[in-house]
Amino acid sequence: MHIKVLGPMTKQCELLLQNAAIAAKKLKCHAEFERVNDLRRVVAYGVMALPALVIDEKVVAGGSVLPVEEIMEIIKHLNC
């Protein structure tokens, strides 16, 4: 599983990345994490609000910092 956080590395982006890491760990999923702050790469995903969360090249959230539990549900839905 490849998890990306899109946006400038603000506190919100860092928190979203931390929450995603905690969620993956709790579910015992092997995940690679990437921060994407290059504007061209961010725009290529078509997100309208930052920070955004991308799991396996699917934009699953944008514009807010999701709590760990919600990220866990998304990961389960994507069949970790």
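Residues numbered from 1 in each chain as written. Predicted model: local features only at pLDDT ≥ 70, side-chain atom pairs only at ≥ 80, totals over all residues. Heavy atoms only, no water.

**Q** Mind showing me how you'd approach the pairing of strand E1 (residues 2-6) here?
**A** The side chains of a regular strand alternate between both faces of the sheet. The element E1 is largely enclosed, with a buried count of four among its five residues. Two strands pair when backbone bridges link them, and E1 and strand E2 (residues 32-36) are joined in this way by five bridges, in the parallel orientation. Residue pairing for E2: Leu 6 is matched across the bridge by Val 36. Read from E1 through helix H1 (residues 11-26) to E2, the crossover connection turns out right-handed. Inspection of the sheet shows E1 paired to strand E3 (residues 52-55) by four bridges, in the antiparallel sense. (Buried < 20%, exposed > 50% of the residue type's maximum accessible area, 1.4 Å probe, protein only. Helix = DSSP H or I, 4+ residues; strand = E, 2+ residues; numbered from the N terminus. Pairing = 2+ DSSP bridges. Right-handed = clockwise from strand over helix to strand, strands pointing away.)

**Q** Which parts of the structure should I look at to understand the nonpolar core?
**A** The tendency in soluble globular proteins is for nonpolar side chains to be buried as a group. Of all hydrophobic cores here, the largest spans 19 residues; its most connected members are Ile 3, Leu 53, Leu 66, Ile 71 and Ile 75. Listing elements by their share of this core, those giving two or more residues are E1, H1, E3 and helix H3 (68-77). For this core, the leading source of residues is H1, giving six residues. When near neighbours in sequence (up to four residues on either side) are disregarded, Leu 66 contacts Leu 16, Asn 19, Leu 53, Ala 61, Ile 71 and Ile 74. (Core = buried A, V, L, I, M, F, W, Y, C linked by side-chain atoms within 4.5 Å. Contact = heavy atoms within 4.5 Å.)

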